[in-house]
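Architecture and fold: a report
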Amino acid sequence: MFQPVMETGRRLLRRIWRWAVFRGTGFKYRDFELAFERGDWPTILTRARNGERLKKSPSMMGMFIRAAGEMRDVEALAWAESQCLGARWSTRDRYSVSQRFLMLGEAAAAWAVFTADAAVMAEAKFAHQAKSFLPHTKDAALRSAIKAAMAKAVPVGSSAAAGVVKAAATTIRFPFFGSGQRVQGSVEIRSSERTPPRHAIKVTADIESFRTKVARAKPPEIIEHREVFVDRNGQIWKEDGSLIVSKGTPISRLSRAEAPGIATGFFAIKSTRGIYHWLVDRLPLFAWMLEDGAPDAVILLSDEAPSFEKETLRLAGLPQTVVDVGDAVFVQRLLIARSGMQGFSYWEQVAPVIERVKRSARAIAAQENVSAGDAIYISRRDSSRRVMRNEAELEAQITTRGYAGVALGTMPLWQQVFVVSSAKRIVAPHGAGLAHIVFSEPGTHITEIVPVQDGTYFLRLNYARLSLVMGHRYRGWLEPHHGARDSWTVDAPAFLNYLDERPGDAAAHVRVEDAGDRSRMG
């Protein structure tokens, strides 16, 4: 008997697309997905190598490029690049596919794919996107080509290239100006047996490079600009339209008389909405406001900022006025603090604001009669991104070892701070919850489960680097991230054996090991 099937328009179109792309190949769309999920790169490279079909789906082309990179198949990468050059994609899709090449270290191919369609240079975000290619190449000719394209796309006078206006000198200082750097923490890297060894080698090299940068890092400082506009996106520009900071979006045409005016403002707008960047990149920058004699400045936040930003400022006890910035405000004197993650190594200079938040959280916990354990597992069970498919099984095993499972996303901010700052041992999959280790005491044992793939090292090493400057004892467990659906799994027995080992000593060096090799390399 016939039974009607109800489908959404989107699902129906997807089914039609799958049939159109893979008809007659013997390699169905689901076969492609499954091959990618299990990391079956040879199958993808041999059975899905049809340019016309892959050009119909930027996401599938991206997975083909990933497979070619995993196999170190130079010829397949060159073929994919040639196909991408002639593809008819939206600017967004073209940029996304170019990033696949960039993740593999193929900066020249990435730039060629991105700029193959001249229409991308007409986009408002082109200069901002183009700038993201520069850190990935040292080739002088390619860097010159990128800079030339940026200059051509962003004409001086209307939306000039960022950074042409110099900051004014200022005498404002952070607390304990002149204090030295704290002792660095320790980092140990271990891989599961199914994780390609090159990941641990690359991660270790990146950590050592960061350690060297930290040793040379400058202490936090304040700079200032006079008579500038600021918008909700964190863009800063002069009255003549010349940009000081650009985020790739159009600037407001409000005049000085039309925009709200501010005498002295502290720039605290961030371009991302996640709590990691707020706690790590922004919160330490408020410490100077606690100094006696600090100038009276309002705090500038985006009118689209998440609520945890103002809540953090309340916990810090900052009495300054907060201004929600929209299209534009005109600031007579704009103060900007600069530090970066390396600034945590100058702990005494950034600690006052961090410690204030911790004290407030502890006071509220006492009032609410809330307690916290000294060993916690920060779960991602409340997150829909980067899902660990066997987390329930793993969390159950970890909690039998004395760790309390916590889902920070279900807690108010003060409780998140209290729970993490009270713990002496923390285990967690990679995620924003670990940003709270900025409140942890030096020497805290951090064990992070990290999904890795080529090109993700910088982002996935955030907490190893943070632990280093915070003086923590960090251990990273690397697992391969193959999932087309942004999901991954952990070799639970191997990881639990690793967790059961005694943590390494606190010597400030990086160690890398394989799960099947107990030898240590300094």
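Residues numbered from 1 in each chain as written. Predicted model: local features only at pLDDT ≥ 70, side-chain atom pairs only at ≥ 80, totals over all residues. Heavy atoms only, no water.

1. Side note on the overall build of the chain
A count of helices and strands for the chain gives 19 helices and 16 strands. A burial count over the chain gives 51% of its 522 residues as buried. For the chain, the share of sequence-separated contacts (at least 6 apart) that also reach a separation of at least 24 residues comes to 72%. (Helix = DSSP H or I, 4+ residues; strand = E, 2+ residues; numbered from the N terminus. Buried < 20%, exposed > 50% of the residue type's maximum accessible area, 1.4 Å probe, protein only. Contact = heavy atoms within 4.5 Å.)

2. Quick notes on the nonpolar core
In terms of nonpolar packing, the biggest core is built from 74 residues, with Phe266, Phe286, Trp288, Phe344, Ile378, Ile426 and Leu466 touching the most fellow members. Considering each element in turn, this core owes the most residues, eight residues, to helix α14 (residues 347–368). (Core = buried A, V, L, I, M, F, W, Y, C linked by side-chain atoms within 4.5 Å.)

3. So, the side chain of histidine 430
With respect to the secondary-structure elements, histidine 430 resides in the loop between β12 (425–429) and β13 (445–452). Within the structure, the side chain of histidine 430 is placed 2.7 Å from the side chain of glutamate 448, a separation counted as a polar contact. Here histidine 430 is in contact with Arg380, Arg386, Glu448, Ile449, Val450, Pro451, Leu459, Arg460 and Tyr463, once residues within four sequence places are set aside. (Polar contact = N/O pair within 3.5 Å; in protein donor to acceptor, adjacent residues only side chain to side chain.)

4. Notes on the environment of alanine 116
Summarising the element assignment, alanine 116 is placed in the loop between α8 (107–114) and α9 (126–131). For alanine 116, a relative accessible area of 37% gives the class partly exposed. Residues alanine 116 and arginine 94 lie 22 residues apart in sequence; the distance between their C-alpha atoms is 8.8 Å. Beyond its immediate sequence surroundings of up to four residues, alanine 116 is in contact with Leu85 and Arg94.

5. What about the packing of helix α6 (residues 74–85) against helix α7 (residues 91–103)?
It is the contact of α6 with α7, at a shortest axis distance of 12 Å, that shows an interaxial angle of 165 degrees. Classified by the interaxial angle, the pair formed by α6 and α7 is roughly antiparallel. In this structure, α6 crosses over α7, and the sense of that crossing is left-handed. Taking contact as the criterion, the partners of Leu77, Ala80, Glu81, Cys84 and Leu85 in α6 are, on α7, Arg94, Val97 and Phe101. Across the contact of α6 with α7, the residue classes tally to six nonpolar, no polar and two charged. (Axes fitted to C-alpha atoms, helices over the stretch in contact; angles between N-to-C directions. Parallel < 35°, antiparallel > 145°, perpendicular 65-115°, else oblique. Left-handed = near helix turned anticlockwise from the far one by under 90°. Nonpolar A, V, L, I, M, F, W, Y, C, P; charged D, E, K, R; others polar.)

6. Some details on the environment of proline 306
Inspection of the secondary structure assignment puts proline 306 in the loop between β6 (298–302) and α13 (307–315). Apart from residues no more than four positions distant in its own chain, proline 306 is found in contact with Lys270 and Arg273.

7. Concerning the packing of aromatic side chains
Per the stated rule, a full pass over the model turns up 17 aromatic pairs. Between phenylalanine 114 and phenylalanine 126 the ring centres are 5.8 Å apart and the planes differ by 15 degrees, which places this aromatic pair in the stacked class. With phenylalanine 114 in helix α8 and phenylalanine 126 in helix α9, the pair connects residues that are 12 residues apart, well separated along the chain. For the pair shown, phenylalanine 114 and phenylalanine 126 are each scored as buried. Taken together, the aromatic side chains of Tyr95, Trp111, Phe114, Phe126 and Phe133 make up a single cluster linked through ring pairs. Sitting over the ring of tyrosine 403, arginine 425 keeps its end group 4.9 Å from the ring centre. The ring of tyrosine 498 carries arginine 475 above its face, with NZ or CZ at 4.4 Å from the centroid. (Phe/Tyr/Trp six-rings, centres within 6.5 Å; stacked < 30°, edge-to-face > 60°. Lys NZ or Arg CZ within 6 Å of the ring centre and 35° of its normal.)

8. A closer look at the sheet that holds strand β8 (residues 329–338)
Spatially, β4-β3-β2-β8-β5-β6-β7 is the arrangement adopted by the seven strands of the open sheet, whose pairing is mixed. Either end of the sheet is taken by a strand with one partner, and the two such strands are β4 (243–245) and β7 (322–325). Sheet topology places strand β2 (residues 221–230) next to strand β3 (residues 236–237); two bridges connect them, and they run antiparallel. Pairing of phenylalanine 229 across the sheet is with tryptophan 237, part of β3. (Pairing = 2+ DSSP bridges.)

9. As for the confidence of the model for the chain
On average, the chain scores 85 in pLDDT, and the residues at 70 or more come to 87%. By mean pLDDT, the top-scoring element of the chain is helix α16 (residues 413–422) (98), and the lowest-scoring one is helix α1 (residues 9–22) (50). Confidence drops under a pLDDT of 50 for residues 1–7, and excluding neighbours within four residues, the segment shows two contacts in the predicted structure. Note on residues 155–164: pLDDT under 50 across the span, and 22 contacts to partners over four residues away in sequence or across chains. (pLDDT = per-residue confidence, 0-100.)

10. Notes on the pairing of strand β5 (residues 261–267)
Residues in a regular strand point their side chains to alternate faces of the sheet. With respect to burial, β5 is a largely interior element, five of its seven residues being buried. Sheet topology note: the β5/β8 ladder contains five bridges and is parallel. Across the sheet, residue phenylalanine 266 finds its bridge partner in β8, namely leucine 335. Two elements, β5 and β6, share three bridges in a ladder whose sense is parallel. Within the sheet, the bridge partner assigned to phenylalanine 266 lies in β6 and is isoleucine 299.

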